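Each chain, letter by letter, is given below.
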Amino acid sequence: MTPKPHQDIAPRRAACLAGLVVATLGASALVGWMFDITALKSIFPGSVTMKINTAIGMLLCGITLAFISRQIFLSATRFWTTIVSVVVIVVGALTLSEYFFGWDFGIDQWGFQDRASAAADLRTWRMSPTSAFAFLLTGCALLTSVRHIAPRMRLSILAALGASLLVIGFLALIGHASGPLLQARSWDYAGMAIHTAVCFTLLGLALLALARYGSELTWSLDKATTAGFGIGIISLITAAGISYHFTDQLQQSATKVGRTQEVLKEIEKVTTDMSILGSSQRSFINTGNEHFLEQEKENQNALHKDLANLRKLISNPLQNHRLAQLEALIAERISWGEKTITARRLHGLAAAERVIESGTGLTLSASVRSVTKQMEDDEYTLLELRKQNEEAISRTTFLLLPLGVFLSITLLSLGLFFLNAGIGERTKAEDALRESNENLERKVAHRTLELQQAKERAEAAARAKSDFLASMSHELRTPLNGIIGFSEFLVDGSPGALNAQQKEHIEDILTSGRHLLQLINDVLDLAKVEAGKLEFIPELFSPSQAIEEVCAVAGPMAIKKKIDLNISVALELLEVNLDQMKFKQVVYNLLSNAIKFTDDRGVIKINCALNGADQFHLSVKDSGIGIKPEDLGRLFRDFEQIESGPTRRYGGTGLGLALTRKIVECQGGNISVESEFGKGSTFTVALPINASNVQL
Amino acid sequence: MNPNRILIVDDNAINLKLTRSVLKSAGYDILEAADAEQALAIILQTPPALILLDIALPGMDGLTLTRQLKANETTCHIKIAALTAFAMKGDDQKAKLAGCDAYITKPIDTRKLPGQVAALLCVSEYKGIQS
């Protein structure tokens, strides 16, 4: 156990402080014994003293604790601690065995007072069994903290011993506090002094603090389990308190019963002595023999003694009153007896007979008997009551004690059960967690590697695609240059005029060449959109003008098919802030599609209007072939042409709508289509008026 | 130096023929080369006012040739227009960086090319022209 710099040193300081306080208390008690200072021996006059052995033990243990609290274990520290531990354990064990077996090893007196007076009352000298037991625990704890024991084991032992000491000291303190606090009889907890209790409490706390420091002991139980333990311990203490209380009452009651029985015995003696009193007096009167008078004197003395005894025993006021009556009556009876004796001596038998015949003596004796009878009756009633009370107490004790103990044990067991279950579950859960974490880590590492590889592959593929597109574009444009260029050259008649048919065919070549070029451009654009490379440069322009420009380009196609092209742009839509080229591309794609799929003499309507404050709509409506509902879904996909295969009547790359959709969406807009098969379609594009306000 | 003399460098004979036909009918004097080495020889012998230069050439490529010509005192004044099928984004920037005065993509617009050439021959600063 080496000190760890990052640990909180507060527990260590607390332990050191506790050790010093304990040592000081021990030393002061020792001084108290040396110079006979009661305040140091027992704190409060008349309460239990800290015994000499206890004081020495506290001094040693306190110093040792202060040493240990540094948590630096030099061999000297280990040696000293071991010696102190062994001494304390031996003293504790010997004291306990003295109590159990009634031996006397002479370890309790130490010669501060003379041994003769010491031997008179062992209770004055011998530490209480509780203290002896506590010292046994303290010694074990100190020994544990410096021996080489597995840390987990040491933690458990230290915590358990510390907690035990804490409970012992604390209970003793409660016992002491109960006197002044509850106005009850102070419960000195098997004779442990108040400062001894304080010392053991501090020792327990210090050991717990050291355990906490050494192994970071923490209270990690959940609230319910803690509450369970708490209630269990409280009910255990309550049960102990109740049983103590009732046992105490039982003891007091037994004492009272005993006294009542003594009172009864005394009353009976009074009755007996009274009867003897009469008989020896009568014998003297009959015989005149003075010897009987001596007997009479003795009887009188016996009676006085009986009365004195009764006075000592009786405490209740009614009986006291009766006792006074009784004393008065007996005194009167005795003085009456004296009178008859005097009459016998002075005037002879006849005179004495006369006094006797007056009946006063008999009346007095009868009164005495009646009073004693009353007293006896009262005592018997009292006895009966006390017996009933005793029975009630016994019943309560026998009912409450097992119940309390049972309750405590149940709660503690439940607490332990849940604790164990909790630990078990936690261990299981921790294992599961650890396993799943490891799995997860493996999976993550694996997945990361996979992702890395996939990313590299994807990047390589993207590079290859980009390279392929660049070279394809180049390679296709090179022959197209010849095809388109020469066609244009010929159509324009630069090398010489062509006849009409020749010109038409060359124009067909030119159209096909341009179509192929458009296809290449679309493919490149689409590839750029997918690679996120398509750039949008917003500028302010008039949508109506842009639409007109597009119509000027696409118009000839419409004119050729005699299609009625109808353009309407809302007046309030003066300017938009978008990429003009892309906007024109969208319009061109939609318009050329509409022209393509509309039969001769059809109608195409282009409508452009505001849609809310931020958006505008562009719709291109045709009267063409329309789209089947089941085909609407794949309309905006790459390379999809609704009519494919040999039946295909209309040209086109199949990329136009996919590209249009991507251009629109990249600017924060959307495209939708409504169509009725055979009647025509309407493509509607919603675009923001100001593209720079849109987060892309 | 004949201000009407134009050198066309292209390894594709048909494309070379197309450019030549278009510009000849517009009234220009045309010189031809199929690669950079051949072009260099002609330039040194009979310097043209403008070179229409293909970029992808066998051997030395068009951009390297441009750099050489623009680095040389005697040839740096000759206008060079890249005439190329490299029409991807960034290709025009590469051409400009190498020293080209114009960038014309293939397929050429035969109707616009004579105008573009004329513009290049009288305007000195760079002008990007897209067909």
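Every chain begins its residue count from 1, and numbering advances along the sequence as written. Chain letters start at A and ligand numbers start at 1, both assigned in the order the entries are written. In view of the model being predicted, local features appear only for residues whose pLDDT reaches at least 70, and side-chain atom pairs are presented and counted only at 80 or more, with totals across whole chains, interfaces and linings using the full set of residues. The side-chain quantities take in all heavy atoms of the structure and omit both hydrogens and water.

## Let's talk about the overall build of chain B
Strands are runs of DSSP state E lasting at least 2 residues, helices are runs of H or I lasting at least 4, and numbering of each runs from the N terminus. A count of helical and extended segments in chain B gives five helices and five strands. Accessibility here uses a 1.4 Å probe with only protein chains present; expressed as a share of the type maximum, an area under 20% marks a residue as buried, one over 50% as exposed, and anything in between as partly exposed. A buried classification covers 49% of the 131 residues belonging to chain B. The contact criterion used is simple: two residues touch if any of their non-hydrogen atoms lie within 4.5 Å. The contacts of chain B with a sequence gap of at least 6 include a subset with a gap of at least 24, amounting to 62%. A 1.4 Å probe and the Shrake-Rupley method give the accessible areas. Residues count as covered only by the protein chains that appear here. Carbon and sulfur atoms make up 53% of the accessible area of chain B, which amounts to about 5700 Å² in all.

## Examining the sheet that holds strand β4 (residues 603-611) of chain A
Residue and element names in this part refer to chain A. The criterion for strand pairing is that DSSP finds at least two bridges linking the strands in question. In space, the five strands of this open sheet follow the order β2-β4-β5-β7-β6, with mixed pairing throughout. The open sheet has two edge strands with one neighbour each: β2 (564-569) and β6 (670-676). For this sheet, the mean angle separating the axes of adjacent strands, direction not counted, is 15°. Direction of pairing for β4 relative to strand β5 (residues 615-622): antiparallel, over a ladder of eight bridges. By the bridge assignment, Asn611 is partnered in β5 with Gln615. Along the sheet face, helix α14 (residues 543-560) touches β2, β4 and β5 and points at about 165° away from the line of β2. Only the contacting stretch of a helix is used when fitting its axis, a line to C-alpha atoms as for every element, and angles between N-to-C directions run 0 to 180 degrees.

## Brief notes about the interface of chain A and chain B
Contact with chain A, which involves 22 residues of that partner, is made by 20 residues of chain B. Note: buried area is the sum, over both parts, of the accessible area (probe 1.4 Å) each one loses when the two are combined. Between chain A and chain B lies a buried interface of about 1900 Å² when both sides are counted; carbon and sulfur atoms form 64% of it. Three residues stand out in chain A for area buried against chain B, namely His474, Asn481 and Phe486 of chain A, and they jointly supply 32% of the buried area on that side. For salt bridges, the criterion is a side-chain nitrogen of Lys or Arg within 4 Å of an Asp or Glu carboxyl oxygen. The salt bridge partner of Arg111 of chain B is Asp492 of chain A, with a shortest N-O separation of 2.9 Å. Each polar contact in these results corresponds to two N or O atoms within 3.5 Å; when the atoms are within protein, one needs to be able to donate a hydrogen and the other to accept it, and residues that are neighboring in sequence are counted only if both atoms are side-chain atoms. Between the two partners, chain A and chain B, sit seven residue pairs in polar contact (both at pLDDT 80 or more). Counting residues per element, the ones that place at least two in the side of chain A that touches chain B are α12 (360-491) and α13 (500-530) of chain A. Residues were grouped as follows: Ala, Val, Leu, Ile, Met, Phe, Trp, Tyr, Cys and Pro as nonpolar; Asp, Glu, Lys and Arg as charged; and all remaining residues, including Gly, as polar. Taken together, the residues of the side of chain A that touches chain B break down into 10 nonpolar, six polar and six charged.

## Some words on helix α2 (residues 36-45) of chain B
All names here are of chain B. When we look at burial in α2, the residues that qualify are Ala36, Ala39, Ile42 and Ile43. Along the axis of α2, the buried positions cluster into a sector of 120°, meaning they face one direction only. Away from its buried face by more than 90 degrees, α2 exposes Leu44 and Gln45. As for α2, its buried residues are in contact with β1 (5-9), β2 (29-33), β3 (50-53) and α3 (62-71). Regarding α2, its N-cap is Asp35, as a side-chain oxygen of that residue lies 3.2 Å from the backbone nitrogen of Glu37 further along. Here, the arc refers to the directions that run from the helix axis to the C-beta atoms.

## Regarding the packing of aromatic side chains
We describe a pair of aromatic rings using the distance from one ring centre to the other and the angle between the two ring planes. We call Phe, Tyr and Trp rings a pair once their centres come within 6.5 Å, taking the six-membered ring for Trp, and we label the pair stacked below 30 degrees between planes, edge-to-face above 60, and tilted otherwise. For the coordinates displayed, the defined rule picks out six aromatic pairs over all chains. Of the aromatic side chains, those joined through ring pairs into one cluster are Phe101, Trp103 and Phe105 of chain A.

## Observations concerning the environment of Ala343 of chain A
All names here are of chain A. Topologically, Ala343 is positioned in helix α11 (residues 317-357). By relative accessible area, which is 9% here, Ala343 ends up buried. Spatially, the C-alpha atoms of Ala343 and Arg354 are 9.1 Å apart, while their sequence positions differ by 11 residues. Beyond its immediate chain neighbours, meaning those up to four positions away, Ala343 contacts Gly348, Ala351, Ala352 and Val355.

## Focus: the nonpolar core
Residue and element names in this part refer to chain A. Met50, Met58, Leu65, Phe135, Leu165, Phe200 and Leu203 are the most contacted members of the largest nonpolar core, which has 42 residues in total. Every element with two or more residues in this core is listed here: α1 (10-35), α3 (52-68), α4 (75-101), α6 (129-146), α7 (151-182) and α8 (194-215). Looking at this core, the element that brings in the most residues is α8, giving eight residues. Sequence-distant contacts of Phe200, that is, excluding residues within four places in its chain, are made with Met58, Ser131, Ala134, Phe135, Thr138, Leu165, Leu166, Gly169 and Met192. Among the buried residues, those of types Ala, Val, Leu, Ile, Met, Phe, Trp, Tyr and Cys that are joined through side-chain atoms within 4.5 Å form a nonpolar core. If you look at the next biggest cluster of nonpolar residues, it comprises 40 residues, including Cys551, Ala554, Val587 and Ala594.

## Section: the confidence of the model for chain A
Residue and element names in this part refer to chain A. Looking at chain A as a whole, the pLDDT averages 80, with 87% of positions reaching at least 70. Per-residue confidence from the predictor is reported as pLDDT, a score between 0 and 100. Confidence drops under a pLDDT of 50 for residues 1-6, and excluding neighbours within four residues, the segment shows 12 contacts in the predicted structure. Contacts of residues 643-651 to residues separated by more than four positions or lying in other chains number 14 contacts, the stretch itself having pLDDT below 50.

## A look at the side chain of Gln300 of chain A
Residue and element names in this part refer to chain A. By secondary structure assignment, the location of Gln300 is in helix α10 (residues 290-313). Looking at Gln300, the relative accessible area reads 5%, which means it is buried. Those residues in contact with Gln300 that lie beyond four places of it in its chain are Leu277, Ile334 and Glu338.

## A few points about the sheet that holds strand β4 (residues 79-84) of chain B
All names here are of chain B. In spatial order, the strands read β2-β1-β3-β4-β5; together these five strands make up an open sheet with parallel pairing. Of all strands in the sheet, those bounded by a partner on one side alone are β2 and β5 (102-105). Averaged over all pairs of adjacent strands, the angle between strand axes in this sheet comes to 20°, irrespective of strand direction. One ladder, built from four bridges, connects β4 with β5; its direction is parallel. By the bridge assignment for β5, Ala81 is matched with Ala102. Packing of α2 onto the sheet brings it into contact with β1, β2 and β3, and relative to β2 it is tilted by some 140°.

## A look at the packing of α1 of chain A against α3 of chain A
When two helices pack together, their arrangement is captured by the angle between the axes and the distance separating the axes. Residues and elements named next belong to chain A. At a closest axis distance of 7 Å, the pairing of α1 and α3 adopts a crossing angle of 155°. Classified by the angle their axes make, α1 and α3 are roughly antiparallel. Here the hand of the crossing between α1 and α3 comes out left-handed. Residues Ala15, Cys16, Gly19, Leu20, Val22, Ala23, Gly26, Ala27, Ala29, Leu30 and Trp33 of α1 touch α3, and the partners they reach there are Ile52, Ala55, Ile56, Met58, Leu59, Gly62, Ile63, Leu65 and Ala66. Among the residues forming the contact of α1 with α3, the class breakdown is 17 nonpolar, three polar and no charged. Just so you know how the angles are binned, under 35 degrees is roughly parallel, over 145 roughly antiparallel, 65 to 115 roughly perpendicular, and the rest oblique. By definition, turning the near helix anticlockwise from the far helix through less than a right angle yields a left-handed crossing, and turning it clockwise yields a right-handed one.

## Here we look at the side chain of Arg477 of chain A
Checked against the element boundaries, Arg477 of chain A lands in helix α12. Among buried charged residues, Arg477 of chain A stands out as having no salt bridge; its nearest opposite-charge side chain is Asp91 of chain B, 8.0 Å away. Once you skip the residues sitting within four places of it in the chain, Arg477 of chain A turns out to touch Leu517, Ile520, Asn521 and Leu524 of chain A together with Ala85, Ala87, Lys106 and Pro107 of chain B. We count Lys and Arg on the positive side and Asp and Glu on the negative side, and we leave His and both chain ends out.

## Let's talk about the pattern of salt bridges
Evaluation of the coordinates by the stated rule reveals 20 salt bridges over all chains. Across the pair Asp378 of chain A and Arg322 of chain A runs a salt bridge, and its minimum N-O distance is 2.2 Å. With a gap of 56 residues between them, Asp378 of chain A in helix α12 and Arg322 of chain A in helix α11 connect regions that are remote in the sequence. Judged by its relative accessible area of 13%, Arg322 of chain A falls in the buried class. For Arg661 of chain A, the salt bridge goes to Glu665 of chain A, with nearest N and O atoms at 3.4 Å. Residue Arg661 of chain A and its partner Glu665 of chain A are both found in helix α16 (residues 656-666); the two are separated by four residues, about one turn of the helix. Accessibility expressed as a relative area gives 39% for Glu665 of chain A, which makes it partly exposed. Through salt bridges with shared partners, a single network forms among Asp10, Asp54 and Lys106 of chain B.

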